[in-house]
Each structure stands twice: as C-alpha cells, then as structure tokens.
Amino acid sequence: GEPIKLATTTSTENSGLLKVIIPYFEKRTGNVVHVLAVGTGQALRMGQDGNVDVVLVHAPKEEMRFVDAGYGLNRRSIMFNDFVIVGPDNDPAKIQGQHDVLESLHNIAHGKYLFVSRGDDSGTHKKEVHLWKKAKLKPDLSWYREVGQGMGRVLQMANELNAYTITDRGTWLVMRSKLSLKLYVEGDSLLFNPYSVIAVNPERYPTINYLGAMSLIAWLTSVEGQNLIKNFRMKGQPLFFPTAINN
Amino acid sequence: MTEPLFVFHGIQKTFAKVEILRKVDLSLYPEKCTLITGKNGSGKTTLLKIIAGLEKPEKAEIEFSGKSHSWEKIMPDICKKIIYLHQQAFLFSSTVESNIAYGLRFNTMTREQRRKSVKKALELSGLTEFAKKQANTLSGGVQQRVAFARACILKPKVLLLDEPVSNMDRQSREHACHLMQFLKSTGTSIVITSHVPQYFDGLADMHFELVNGKLIET
Amino acid sequence: MTEPLFVFHGIQKTFAKVEILRKVDLSLYPEKCTLITGKNGSGKTTLLKIIAGLEKPEKAEIEFSGKSHSWEKIMPDICKKIIYLHQQAFLFSSTVESNIAYGLRFNTMTREQRRKSVKKALELSGLTEFAKKQANTLSGGVQQRVAFARACILKPKVLLLDEPVSNMDRQSREHACHLMQFLKSTGTSIVITSHVPQYFDGLADMHFELVNGKLIET
Amino acid sequence: MEGLLSTIQQALQLLLYGDAELWAIVLLSFSVSIKAISLTTPLALLLAFSLAYGNYPGVRIILAFFNSLLSVPTVVVGLFLYVLLTRQGPFGDLRLLFTQSAMVIGQMILCFPILVALGYAAIQAADVRVWETARTLGAPRWYIILTIFYEVRYGLLAAVLTGFGRVISEVGISMMVGGNIMGYTRNITTAIALETSKGEFAQGIALGFVLLSLAFLLTALLSYIQSKNGGNT
Amino acid sequence: MEGLLSTIQQALQLLLYGDAELWAIVLLSFSVSIKAISLTTPLALLLAFSLAYGNYPGVRIILAFFNSLLSVPTVVVGLFLYVLLTRQGPFGDLRLLFTQSAMVIGQMILCFPILVALGYAAIQAADVRVWETARTLGAPRWYIILTIFYEVRYGLLAAVLTGFGRVISEVGISMMVGGNIMGYTRNITTAIALETSKGEFAQGIALGFVLLSLAFLLTALLSYIQSKNGGNT
Ligand SMILES: Nc1ncnc2c1ncn2[C@@H]1O[C@H](COP(=O)(O)OP(=O)(O)OP(=O)(O)O)[C@@H](O)[C@H]1O
Ligand SMILES: Nc1ncnc2c1ncn2[C@@H]1O[C@H](COP(=O)(O)OP(=O)(O)OP(=O)(O)O)[C@@H](O)[C@H]1O
Ligand SMILES: [Mg+2]
Ligand SMILES: [Mg+2]
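Only a predicted model underlies this, so the values are computations on that prediction, with no experimental measurement involved. (Residues numbered from 1 in each chain as written. Chains lettered and ligands numbered in written order. Predicted model: local features only at pLDDT ≥ 70, side-chain atom pairs only at ≥ 80, totals over all residues. Heavy atoms only, no water.)

## Examining the site of ligand 2
Consideration 1: Around ligand 2, the structure places 20 residues, and the nearest of them are Ser139 and Gly141 of chain B together with Lys44, Thr45 and Thr46 of chain C.
Consideration 2: In this structure, an oxygen atom belonging to ligand 2 sits 2.6 Å away from a main-chain N or O atom of Gly141 of chain B.
Consideration 3: Taken by itself ligand 2 offers 640 Å² of open surface, and the protein chains cover 86% of this.
Consideration 4: Classifying every residue of the shell around ligand 2 gives four nonpolar, 12 polar and four charged. (Near = heavy atom within 4 Å. Polar contact = N/O pair within 3.5 Å; in protein donor to acceptor, adjacent residues only side chain to side chain. Areas by Shrake-Rupley, 256 points an atom, 1.4 Å probe, with all protein chains shown as cover. Nonpolar A, V, L, I, M, F, W, Y, C, P; charged D, E, K, R; others polar.)

Pasting the structure below:
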C-alpha cells in the first residue's frame, strides 16, 4: 500500500538502527517505510500537521503533550538507552568516575569550564535543561555555549573547544573514534533516555496511513522487532535496550 | 503628382523641454525621393525614427488611404511597410549573409527563394566576398553597406535612410545611389538625410532643410 | 622637410589569412597632415589602430629619435603621444563636459586649469550648449564632434583621425578643419582617413591611397 | 593535511566505483534541478525582458524586490512551501509534500528571482538598436525577443548557470519539502547534510566533490557548445 | 491559510518589537556578510577583468571551473574550511574555528566564484571601444579598468547583489565553522535552521521575513543611489 511515513530524530537515524531493522519489517509486511530524520520538535510538528503517519522520538513531556492534545494515539515505549557526560581528556573539572550527575554539573559550573549545549529543544537538550534545573544552577554565557545543532556536531564542537557536553550514548559510540573527548559520567538513573513511538491520530486526518502506522508500532513492539533492537550492535556494543517486552 | 502613400501631419517632439520638432508635415509619395538636410542636432534622426514608428512623438496625425489616424493607433499597422536604416549601422552578431536574410524570414518565401534573393542582393551591393564573414569583423564602410543591402532587399513601401553613405567609398556610394534609383522606379518612397546633398543630385525629387523644428523647402 | 617624429617600417597585418597590410611604410612629420584614402575594407582603420598601439601587427618597426625599435617594445612608451579617434565615435556614459575632460585627468593640470581648458574646447567646437547633456542623448553628428574635441584638447604629438567629419554638418566640418589647421601649426602631426579628400584640400600635405595593402602616393 | 588527501582519494573512489545507490542520488539531484531550471527559465527571462523593455512605472521597485528575494534562505522557501503543501494547507489535497515534485517547485521558486535579476541585467545591457533594427526589419514580437536574447546570450547563459548552481547546491528546500527519504527524495545535498550530521566529514566532502566534478563536466560542455556555435565572446 | 496570516503577524511583531537578542543576531548576519562581500569584490572583479581582457590561453576552462564552483553546496565549503581550521588541521593554530572571522572567510570563498563568473559576464559585454578610447586618451591602467567597470556598472551591481544574496542566505558555512553559538556566532539563517528543527515553523518564516525586509531596504537604497548618480540604465 501507501508508504508509511516515519518522522524520527536524527540520533536514531544516525545510529544506523533503523537502516538495519526496517528492512525486516518491510519484508514481513510488504509495507514501505519512508524515514524522515529531523529534529525532535520538527518530528512532532510534522505529526501534528498530519504530514507523517508515525513518529519515533525521545522527549517524554512533549510526547505526553502531543498525545493529550489529540494529535497522537497509542504511544508505546519501545526502547531506551542513556545519556552520558563527556569532556576533554585532561578533565579539568575532575568529574571522572562520579556517579552523581548533578555533582559533576556543579563541578563544571563552579570552575566555569566550557560546556556545549545543544540548545535546540531536542530530547537531549530538554534532558540537559532539566538536569541544570535540578542541580539549581544557572549557566551563563561566559562558559556555556548554546549552539543549536545536532548531537554529532555538538560533540565535534565540544572536541574542538575542549568543552564538556552531554550526549546520548548512541551518537557517542558512533563518533567516539573521531574525538579526543572521554566519557566521564554514566549510569545515574537521571540519565535514562526512553524512546517512544506514537501513531498520528486518524480522527484528525482521516486519509493518513493509520493502518501502516499501527502495523509498524505492532511490529516494533513484537518479539521480532524487540529482538532486533536488542541485537543491534554499534562498534560491537549494544546500544538500545528494548522495553516493550520484558525478556 | 500621384497620391501620397502617407501624409504625416503636425509631428511634435520634445526632449528635455526642448522642442525638437514643431508641427512638422511631410508627405511620402511613391516613386519619389525626399532629401532632408539640417544642422547637427536639428532633429533629422528623430523625425525619421518617428515616421518609422521607433520613437514616440508627443503628437502626430497620419493620413493614409483617405483617412486620418493618430500615430499611436495606426503605427502598428503601417510600420511594417516602412524601413529605417540607422545612422550608425547596427548588424546582428552573425554572418553578413544571415544579416541580409534577416528581414526575409518573416514573409512567405521558400528557403530556396530566400537563398537566391540573398545571393542577388550580395552581388548587387558587391558584398559577395564578405558573405560568410562575421559582422563584427567588417570595416565601418562595409558594415554600412551590409545594413543598406539588408534594408533594400525587403523592397519596402517607404525606405528611410539616415546618412546612408557617410562611410562608403566613392564606388559603393554610386552603387548605392543606383540601387536607390532602381527601388524608386519600382514604387518605393525614399527619404534620405545627409550633410552632402550633392551626392543625391540626380536622385532627390524634393529637398527640405530642417530648421528650428520646421521643414523648409529649398 | 624637418625630421619625422616617427617612422613606421614594414607594417604587416593579416586577418583570417588575408594580408590586409603588406609592409606599409609611413613617416609622421610634425606640422604636417597626411591624408589616406582607400576603398572600404582596404585597411585604413587597421593601419591607424596599429600606429596608435590599439591593434597588434604581425610585424612592424618604428624609427624614433634616430633608433629603430620593434612595435612591441616601444609602443607602451610612445602610445601616450598618439591619439586615435574612432571611425564610429565612442563616448563614455556621462556628460559631454566630463567626456571632454577625460584625457586631462592624467596630467598635472590643476582643477581650475582643467575647467578652463574644457570650457575653451567647448566654445571652440561649438558645444557649449551641450555641456551638461548626457552622451547617449546626443545626435550622431554631435557625438562625433564631442569625440573630436575630446581628442584635440590633449594636443597630442600625433593625431589619428578616422573619418572625423563623416557625420558633421557643413559648418562643423569647416570648424573642425580650422581646428586641425591650428593644431598642425602648433606641431601636431595629423593623419586623416576619408572617402571625401576634397574636404581636406587646404589641409593635407600628403595624400596616399591604400591599395592592395600598400600605401601609394597620389 | 593527511585528512584532506584521504578525503580526495575517497571522493575519487566514490566517483569511479560509486555504487548504484550513489548514482541514484546523483541522478535525482540533477533531474530535479534541471527540471526546475528549465521550467523557470522561459518565464523568468520573459519577465526580465518585459521589465527591461516594458517601460511601465514601478520597474525599479519591482527589480529591488526581486533583488532582495535573492537573500531569502532556502529553508525559508522550504518552510513557506511546507505551509502551503501541508495536509491542512491550501494545497494539501495535492499530496505533494515529501515528493520530488515539491522539490522541483521549491527550487523553481528559488531560482526565479535570480533569473529575473540577472536576466534583466543582461538584457538591459543590449544596444537599443538591436530592438530597433529587428523591429524595423519587420520581425514579429517573439522573434525580436529571440534576437535580443541571442545578442546577449553570454549574459543569459551566466544567469542560467548561476540559477542552476543555486538550485543544485541548495539543501533547505530539499530537506524541508523533500524530506531526505532514502531512495525517494534523497539528493546529493541532503545526503551530504546527513553525512555531516553523523560526523562523516570525509564522506560529505567526497560527495561534494562528486557534485563539483559533474557540474564541471556540464559547464565545460555548455561552454564548448557555445564556442562551437560561433560566439565571439 | 490561518497559519500563514498568523505567521506574517508574528513577523511584523518581530520586526517592530524585536528584542535586543534578535537585533544582535540580525546585526551579526549583516556585518559578517557585508564584510565578506566587500573583501571579495575587488579581487574577484579584477580577476574577472583579467579573464576578459588578458587574452591568455585557458580562459574558457578557467571560466568553466568558476562556473561549476557555483554548484558547490555551502556545507561542503564549510566542511572544507573546517578541515583546514580544525585544531589538528594546517591552520589550527590560528584558533579561528567557531568565530565570526571563520564565517567571513567561508562566505568569501562562497561568493568569489559568483563574482568572477557574473563579473566576467558583465565585463565581456562592454564595447571594446571603451578600452580603446580610454587607452588612447592616455588613461593609466587602473583608470582604464575603472572606466570599463563604470560602463558596465549595472551588470557589476547585479553581480554584487547576487553574491550578497548568496552569502547572507547561506547556512551551511555559518553552521559548520561558526557553530551557531548563541551570542557569539548565531546569525539569522542558523537561527532559522534552529527554529525549524524545533518545529517552530512560524518563527522560522518570521525570521526569514525580517531578513527579506532588511535586504529589500538595502537593495532599494542601492538602486536609489544608483539612479541618483545619473545612470540611465
Ligand atoms: N533620448 C534623448 N534624450 C534627450 N535628448 C535627445 C534624445 N535623443 C535626441 N535628443 C536630442 O534631440 C536633438 C535632435 O537629435 P537628432 O539625432 O534627431 O539630430 P540629427 O538632426 O539627426 O543630428 P545629426 O545630424 O547630428 O545626426 C538633439 O539635440 C539631441 O540631443
Ligand atoms: N577582427 C577582425 N577579424 C577579421 N577581419 C578583420 C578584423 N578587423 C578588420 N578585419 C578586416 O580587415 C579589413 C580592413 O578593415 P579596416 O577596418 O581597416 O578597413 P577600412 O579601410 O577602415 O574600411 P572602411 O573604409 O570601410 O572604414 C576588412 O576586410 C575587415 O573585414
Ligand atoms: Mg542624425
Ligand atoms: Mg575604417
């Protein structure tokens, strides 16, 4: 039938996950999926406008708002990975090995060490803002660089500027070999990064490919889909952890 | 005298608040040649361009087949019968041949007729040797001759020649006058501006001087 | 006769495999006027442009203050003393005044001297009324007169005039000839090409015809 | 520097051994952009002509308007078109969003002002005697226009090449209304943007190099054809 | 349609009540691009002139090269410059990455081929008698060049405006070597890209509208000055 239009964030696309698993779905169901990789906000906006059939993002609050406003249906959590804090290899803020992410943020802020922020209202950025707030810190422009770009570019800039930043683990693994940055903070439960998939509400847009969207959601949450997510490897490491089925 | 082809009445033209032409009247008769002289800047070129429909007068009436029309109304119809030759000849950037053939493309001639016609025109104006040359490699006089041939080949009802021989050598000048004589005999009304009236002594039937925006018979 | 200013030897020029000039020799004497006639396309313009340094000959030697030089070597030095006036006058897109002042900007005159000089030139060539007009609004003859004045005002050692009066009315023509006579008397060497040698009867000291790429004295 | 060299090597490899996927992307780029420029050129040049010869009031202000349109970022054109083509938008029923047609339309909007502004600059430089001579020799209106276009062909070619360069190198529109969908609407520039966002700079530069090489071939060909056709420019 | 109307309203509000932050971004855009175009123009036009009048071999191939450079995506220019300016790169010691200077340099690279190609198109259209007349009247070389430039000023202005439009509307270079750092290197286009990625389309279009309005003012001013200076074009 008509292709299923999936709007997703650049991070999922860039990790290569979709490229690996989508062909299985296409083969099984005979559906074609068009992947549109854009910013989180833009992905939700495209869903809101009814220009795509299904969205895959990681910004829980916005997702809830999207569903509550009646733009989306059947929000299903499908997987998670986590955020990590990386920084220059001499680690001037001395945050290596810290498990408390808020404490490491304090170190960075008090030492006024450069910190690069996505600044683009993406899932990652929202998480970062949330963390600053939680740590009761107010970053200022003397050391805080708000750059408004994608994750890959932000890592590159942090590398270039010898700055700290927060990143999702997927992009970090992809980019790591090209950077002299090091991973310092991980594992704090505050750094949890859940991904959900939401079908666009057919009540608003009767002509959209709701059946396709639902079949994609069904498949992503099926044993096959979840296993594929679990078995996906990036540079030998697992990246995403399925959440729809406990196994 | 026979009936005039066109009678222009009260041509008025002002440039930058200076009245160049003040109610000029001019009748164009078939088989007649009109010579216009006048000082530099007196308005000869302007007058010819208005008659050719290339410059807009403030006011002008045209009497044509018994009726009087305003310039604006009738020009689109009659300008096809009138050809103007620039004081400084302009050739399109192609060969001499294709320049001369330019005007022939818009009538019903066959390709073969056109080719023959061009060939004859080249011969008549002594340009055969230049046929394949690019226009921008020609000498000033030859350019003028090509432009002249390009206009004559169309055998228009009215032929307006603005200093047509100023850069021609003597022989070409005489050739050109012969050709004008021939066109005249086939019914064309010719208007020539020149600073050397002697050149057209045998050809011109009327001679006006443009003075202070008026045509004065001399 | 006095010493020549420049002697050109063996000027050769070929266009598209046609030899236009075959070893032309020409001596330019101060206070003398040379008239060159010749058929259309015979090479008059080409010859003048080569002498002016605007066109490159295949070969040419120039004798100058006793020594012989190749065209390539010496032209950059001497072309400042030689001014060429185009057959089809070209004016820069500004006013008549500023066109005439163009060449004066490159000498040591003060602003005031320049202004006076331009004013005098405008008067001498009867162009005062046009001083403030834009060049592209001028009639053909007036354009030619402006270009002529623009060249004369520089009082060059050698003045090359390519059909300088072809579009001028009678009075302007006579004016122009007077001016040339005056320049000649101040030492300028003048070369004129024309198809109407009669115009320069009182002025020309030598008269050549360019035939088959050779200058022949007549 | 090592990075640069290996990038060039990678580019050459891409060019020589480029797989079917790459060539499909390249083909899509050129087909969309050539369509856009060919559809826009006639109309834009006619408008430019009428601005140059129409003699109506307000020409200056219209030209200033088109000139300022040159400053509109492609993503804004893309956004604008998105708003028009979106499902509830005025043209939503056409279902053009995220198709090649939408990319063509967007690129047409992008190059229209360029062709008008540069076309006008070329046409107004033509000697007025071209028009006068053609007219007095009895050429019909369309032939007069063609004659003038021929006289200023070099300037018009420059306008078209500039317009083409603008559309083939743009990414904002293709991204916004094309959607960079693999196999459907991904072109060279959106592919480069994707590679860049992944940090695959070498791959991005290599793709740019592929584009540049092909553009060079195309341009050299055009300039060769033009020189064959007896231009003396 | 409602969306469009409210977008325009938003744009007008931005223009009228735009806060200091917005105006800083706008200022940065114009200052970077005006610097880039003013630094590039003289050199590029001189090159264009020497291509038109230099009479040396290979001019055609050089022109084809510059023409094809028009097709290079801005992000590729950005990438290229990034590779040069990165810390381990050949010019890494200058520490220019993510500064306005890097943006200026990138935009200069971007508009250079445009100015050469369009400048050449304008200059070669000049009557050869301009050169001959200036030369024979004793003008020194630099004055001859100025005279020719003046005769074709309309074409050159079009070239410069096109180049300016290209640089002020580009986003790839500013993003890549500027970095879109808030308060340091964020300009209008990177701000638009950011709003777009957030899904704030109206905000994006509104910013585009701000840019367009200012570009229109600038262009209208230029064209007014030109008409004052007695041009008859
Ligand atoms: N576009 C224009 N704007 C202003 N004045 C103009 C324009 N065209 C012509 N003129 C003026 O109109 C007058 C007549 O010009 P025209 O060319 O008709 O003269 P002419 O008799 O042909 O002169 P010539 O013998 O020199 O060719 C001149 O004074 C000229 O300056
Ligand atoms: N650039 C060129 N390429 C080819 N041929 C040329 C070029 N320039 C001039 N010629 C040829 O050289 C010859 C001489 O031209 P030139 O202009 O010197 O003649 P002229 O004596 O001045 O003629 P006229 O009396 O018509 O002005 C002509 O046959 C012309 O076609
Ligand atoms: Mg006249
Ligand atoms: Mg000549």
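## So, the site of ligand 1
Consideration 1: As a matter of local geometry, ligand 1 sits amid 19 residues, with Lys44, Thr45 and Thr46 of chain B together with Ser139 and Gly141 of chain C nearest to it.
Consideration 2: Around ligand 1, the nearby residues trace back to chains B and C.
Consideration 3: Here His195 of chain B contributes a side-chain N or O atom positioned 3.1 Å from an oxygen atom of ligand 1.
Consideration 4: When ligand 1 is considered free in solution it has 640 Å² of accessible area, and contact with the protein chains removes 86% of it.
Consideration 5: When residues of the shell around ligand 1 are traced back to their parent elements, those giving at least two are α1 (44–52) of chain B together with α5 (140–152) of chain C. (Helix = DSSP H or I, 4+ residues; strand = E, 2+ residues; numbered from the N terminus.)

## Some thoughts on the coordination of the magnesium ion (ligand 3)
For a metal with four tetrahedral donors the ideal donor-metal-donor angle is 109.5 degrees, whereas six octahedral donors ideally subtend 90 or 180 degrees.
Consideration 1: Protein-derived coordination of the magnesium ion (ligand 3) comes from Thr45 of chain B (OG1) and Gln87 of chain B (OE1), at a distance range of 1.9 to 2.3 Å. Within this pair, whereas Thr45 of chain B is found in helix α1, its partner Gln87 of chain B is found in the loop between β6 (82–85) and α3 (96–101), the two being separated by 42 residues in sequence. (Donors = N, O, S within 2.8 Å, 3.2 Å for Na, K, Ca; no water.)

## Some thoughts on the pattern of salt bridges
Consideration 1: If you walk through the whole model with that rule in mind, you get 28 salt bridges over all chains.
Consideration 2: For Glu112 of chain B, the salt bridge goes to Arg115 of chain B, with nearest N and O atoms at 3.0 Å. Taken together, the residues span about one helical turn, with Glu112 of chain B and Arg115 of chain B both in helix α4 (residues 111–124) at a distance of three residues.
Consideration 3: Residue Arg129 of chain E is joined to Asp127 of chain E by a salt bridge in which the shortest nitrogen-to-oxygen separation is 2.8 Å.
Consideration 4: When its relative accessible area of 31% is taken as the criterion, Asp127 of chain E is described as partly exposed.
Consideration 5: When salt bridges that share partners are traced, they join Glu62, Arg65 and Lys126 of chain A into one network. (Salt bridge = Lys/Arg side-chain N within 4 Å of Asp/Glu carboxyl O. Buried < 20%, exposed > 50% of the residue type's maximum accessible area, 1.4 Å probe, protein only.)

## Thoughts on the packing of aromatic side chains
Consideration 1: Tallied over the full model, the rule gives 42 aromatic pairs over all chains.
Consideration 2: A centroid spacing of 5.7 Å and a plane angle of 65° characterise the contact between Trp132 of chain A and Trp143 of chain A, whose relative ring orientation is edge-to-face. Taken as a pair, Trp132 of chain A in helix α6 (residues 123–134) and Trp143 of chain A in the loop between α6 and β6 (144–146) lie far apart in primary sequence, 11 residues in all. In this pair, the class of Trp132 of chain A matches that of Trp143 of chain A, namely buried.
Consideration 3: Taken together, Phe90, Phe92, Tyr102 and Phe106 of chain B together with Trp142 and Tyr143 of chain D form an aromatic cluster joined through their ring pairs.
Consideration 4: When the ring centre of Tyr150 of chain D is taken as reference, the NZ or CZ atom of Arg153 of chain D above it lies at 4.1 Å. (Phe/Tyr/Trp six-rings, centres within 6.5 Å; stacked < 30°, edge-to-face > 60°. Lys NZ or Arg CZ within 6 Å of the ring centre and 35° of its normal.)

## Topic: the environment of Asn180 of chain E
Consideration 1: Turning to its location among the elements, Asn180 of chain E is positioned in the loop between α9 (172–178) and α10 (188–197).
Consideration 2: Looking at Asn180 of chain E, the relative accessible area reads 0%, which means it is buried.
Consideration 3: Once you skip the residues sitting within four places of it in the chain, Asn180 of chain E turns out to touch Glu146, Val147, Gly148 and Gln149 of chain A together with Ser174, Met175, Thr185, Arg186, Thr190, Ala191 and Leu194 of chain E.
Consideration 4: Of note is the side chain of Asn180 of chain E, whose polar atom sits 2.9 Å from the backbone oxygen of Gly148 of chain A.
Consideration 5: Looking at Asn180 of chain E, its side chain comes within polar contact range of the side chain of Arg186 of chain E, at 2.7 Å. (Contact = heavy atoms within 4.5 Å.)

## What about the interface of chain D and chain E?
Consideration 1: Between chain D and chain E, the contact holds 54 residues from the first and 54 residues from the second.
Consideration 2: Roughly 4,900 Å² is buried in total at the junction of chain D and chain E, and carbon and sulfur atoms are behind 75% of that figure.
Consideration 3: Of all residues in chain D, Arg60, Ser71 and Tyr154 of chain D bury the most surface against chain E, accounting for 12% of the area lost on that side.
Consideration 4: For the interface between chain D and chain E, the tally reads zero salt bridges.
Consideration 5: At the junction of chain D with chain E, the criterion picks out two residue pairs in polar contact (both at pLDDT 80 or more).
Consideration 6: Those elements that place two or more of their residues in the side of chain D that touches chain E are α3 (59–69), α4 (74–85), α5 (100–124), α8 (153–169), α10 (188–197) and α11 (201–228) of chain D.
Consideration 7: The residue inventory of the side of chain D that touches chain E, partitioned by class, reads 35 nonpolar, 17 polar and two charged. (Buried area = accessible area lost by both parts, 1.4 Å probe.)

## Some thoughts on the arrangement of the chains
Consideration 1: Taken together, the six pairs of chains in contact show their highest number of contacts between chains D and E.
Consideration 2: There is a gap between chain C and chain D: no contact, and a shortest C-alpha distance of 11 Å.

## So, the nonpolar core
Consideration 1: Formed by 285 residues in total, the largest nonpolar core has its most connected members in Ile100 and Met180 of chain B together with Ile100 and Met180 of chain C.
Consideration 2: By size, the runner-up hydrophobic cluster in this structure holds 32 residues, among which are Ile20, Val24, Ala52 and Leu215 of chain B. (Core = buried A, V, L, I, M, F, W, Y, C linked by side-chain atoms within 4.5 Å.)

## Regarding the pairing of strand β2 (residues 33–38) of chain A
All names here are of chain A.
Consideration 1: Taken across its six residues, β2 has six buried, putting it largely inside the fold.
Consideration 2: Burial along β2 is two-sided: the face carrying Val33, Val35 and Ala37 and the face carrying His34, Leu36 and Val38 are both buried.
Consideration 3: Examined bridge by bridge, strand β1 (residues 4–9) and β2 share six bridges and lie parallel to one another. From the neighbouring strand, Thr9 faces β2, where its bridge partner is Val38. (Pairing = 2+ DSSP bridges.)

## Considering the interface of chain B and chain D
Consideration 1: Taken residue by residue, the interface counts 22 residues in chain B and 20 residues in chain D.
Consideration 2: Summing the contributions of chain B and of chain D, the shared interface buries around 1,900 Å²; its carbon and sulfur component is 55%.
Consideration 3: There are one salt bridge connecting chain B and chain D.
Consideration 4: Measuring nitrogen to oxygen at the nearest pair gives 3.2 Å for the salt bridge that ties Lys49 of chain B to Glu132 of chain D.
Consideration 5: At the boundary of chain B with chain D, the tally comes to eight residue pairs in polar contact (both at pLDDT 80 or more).
Consideration 6: Elements supplying a minimum of two residues to the side of chain B that touches chain D: β6 and α5 (140–152) of chain B.
Consideration 7: At three residues, β6 of chain B tops the list of elements feeding residues into the side of chain B that touches chain D.

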